[in-house]
Amino acid sequence: MYNEATVVGSVIEDLRKTFPYVVCVDDGSRDGSQSAARAAGAVVVQHPINLGQGAALQTGIEYALQDPEMTSIVTFDADGQHRVIDAKAMVARIESGEAEIVLGSRFLDDRTKISVQKRIVLKTAAVQSRMATGMNLTDAHNGLRAINREVASKLHLTQNRMAHASELVNQLATIKPRWVEHPVEIIYTDYSKSKGQSLLNSVNILAELFFR
Amino acid sequence: MTSLLLIVQIALVVAVILVSLVMMRGGVNAKHLAVRRIMLMIFAVAAALSIFFPDTLTRIAGFLGIGRGTDLVLYATIVSFFVFMATTYQRFRNMETSITTLSRRIALDEAPKPWTVAKARDAEDLSQ
């Protein structure tokens, strides 16, 4: 999370009703998000400086891997755009042995209300990663994922900012785990819209991928 | 004349792209550093010579079909600028990776270890 003090508390409280262990990676927030997250019952792992979402994701994964009893990881955005019920169903698909990684997709059912522009951008990104990796993905930049221990230990994200989503898919193409997509709902509140990536950010994503 | 100019231009563009790619892929090892230093030396010597023998540069430029010596210098400057940009970007990326690794180490070391968290939770559950 990065400066999410207003929402992160309720997001973590919701998660804690289902998941006993919630790790919140703080990416150098300066608005007291850390104490809000801690009060809500999460373990806070704090970056000393702001590094970006990709770096935070990798830190969270590495923290979870320290726990020898951990069997699966859920990655969940701190701004409240995901639903705990989706996350629970995704973990169930990991624990049942159906898949080694479950990727959320907002395009598998019609719950998510999404603007036409955003749909075009996300669909283009999905087509791009499909062509690059041969994985038949419907949604390329969805933050909700469930990963089992083995796959998580093989991930090494180096893209600190937004390109990590594509990087993750690229690495999956080499790891070749058993993967499935799971329908998830993205809740676009005014809050997440004001924080979310603009269409222009897709230019940054492309640039970061080409000049790595 | 124009077709020759076109060939030189294409060759320059190809040179720019190739050199940039090689420098970007190669990283900051000693070999690439040496190549960059040699290029810098050649560039400096050529610049110095052009002050004393301005005609020579123009003649070389004319031989290449560029026209004026100053244009040749301009093209060379563009190439070296691209190389500079590529190497600086590479160096910047390496630095970013180091800082990320360092910050992650600090973050993980400062956070309570998972097993102590689990113990605390168990104690909490018992007391309730």
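Residues numbered from 1 in each chain as written. Chains lettered and ligands numbered in written order. Predicted model: local features only at pLDDT ≥ 70, side-chain atom pairs only at ≥ 80, totals over all residues. Heavy atoms only, no water.

**Some words on the overall build of chain B**
Line of reasoning, step 1. Of the regular secondary structure elements, chain B holds five helices and zero strands.
Line of reasoning, step 2. Shown N-terminal to C-terminal, the secondary structure of chain B runs as helices and strands in the order α-α-α-α-α.
Line of reasoning, step 3. In chain B, which comprises 128 residues, the share counted as buried stands at 25%.
Line of reasoning, step 4. Total accessible area on chain B is roughly 9,100 Å²; 75% of this is exposed by carbon and sulfur atoms. (Helix = DSSP H or I, 4+ residues; strand = E, 2+ residues; numbered from the N terminus. Buried < 20%, exposed > 50% of the residue type's maximum accessible area, 1.4 Å probe, protein only. Areas by Shrake-Rupley, 256 points an atom, 1.4 Å probe, with all protein chains shown as cover.)

**Some details on the interface of chain B and chain A**
Line of reasoning, step 1. Facing the 19 residues of chain B at the interface are 26 residues of chain A.
Line of reasoning, step 2. The largest per-residue losses of area from chain B upon contact with chain A belong to R104, L108 and R121 of chain B, which jointly make up 29% of the total buried on that side.
Line of reasoning, step 3. For the pair chain B and chain A, the interface holds zero salt bridges.
Line of reasoning, step 4. Here chain B and chain A share four residue pairs in polar contact (both at pLDDT 80 or more) between them.
Line of reasoning, step 5. Those elements giving two or more residues to the side of chain B that touches chain A turn out to be α4 (69-110) and α5 (114-127) of chain B.
Line of reasoning, step 6. Looking at which element gives the most residues to the side of chain B that touches chain A, the answer is α4 of chain B, with 10 residues.
Line of reasoning, step 7. For the side of chain B that touches chain A, the class distribution of residues is 12 nonpolar, two polar and five charged. (Contact = heavy atoms within 4.5 Å. Buried area = accessible area lost by both parts, 1.4 Å probe. Salt bridge = Lys/Arg side-chain N within 4 Å of Asp/Glu carboxyl O. Polar contact = N/O pair within 3.5 Å; in protein donor to acceptor, adjacent residues only side chain to side chain. Nonpolar A, V, L, I, M, F, W, Y, C, P; charged D, E, K, R; others polar.)

**A short note on the environment of G104 of chain A**
Residues and elements named next belong to chain A.
Line of reasoning, step 1. Tracing the backbone shows G104 in strand β4 (residues 101-105).
Line of reasoning, step 2. Residue class for G104 comes out buried when judged on its relative accessible area of 2%.
Line of reasoning, step 3. Considering only alpha carbons, one finds G104 and H182, 78 residues apart in sequence, at a separation of 5.0 Å.

**Thoughts on the sheet that holds strand β6 (residues 179-183) of chain A**
Residue and element names in this part refer to chain A.
Line of reasoning, step 1. Taken in spatial order, the four strands of this open sheet run β3-β5-β4-β6, and their pairing is mixed. The strands lining the two open edges of the sheet, one partner per strand, are β3 (72-75) and β6. On average, each strand axis in the sheet is tilted by 20° relative to the strand beside it, whichever way the strands run.
Line of reasoning, step 2. With four bridges connecting them, β3 and strand β5 (residues 145-148) associate as antiparallel partners. Across the sheet, the residue bridging to S72 is N148, located in β5.
Line of reasoning, step 3. Against the sheet, helix α4 (residues 84-95) contacts β3, β4, β5 and β6, and its axis sits at roughly 155° relative to β6. (Pairing = 2+ DSSP bridges. Axes fitted to C-alpha atoms, helices over the stretch in contact; angles between N-to-C directions.)

**Some words on the packing of helix α3 (residues 54-64) of chain B against α4 of chain B**
Residue and element names in this part refer to chain B.
Line of reasoning, step 1. Where α3 meets α4, the axes come as close as 7 Å, and the angle between the chain directions of the two elements is 75°. It follows from the interaxial angle that α3 and α4 lie roughly perpendicular. Contact with α3, carried on its side by L57, T58, I60, A61 and L64, involves G69, L72 and V73 of α4 and no other residues of that element.
Line of reasoning, step 2. Looking at the contact of α3 with α4 residue by residue, the classes come out as six nonpolar, two polar and no charged. (Parallel < 35°, antiparallel > 145°, perpendicular 65-115°, else oblique.)

**Section: a nonpolar patch on the surface**
All names here are of chain B.
Line of reasoning, step 1. A cluster of nonpolar side chains, namely L74, I78, F81, F82, F84 and M85, defines an oily patch on the protein surface of about 580 Å² accessible area.
Line of reasoning, step 2. If you trace the backbone, M85 turns up in helix α4.
Line of reasoning, step 3. For M85, a relative accessible area of 42% puts it in the partly exposed group. (Patch = residues over 30% accessible without salt bridge, like charges linked within 9 Å, V, L, I, M, F, W, Y side chains within 5 Å.)

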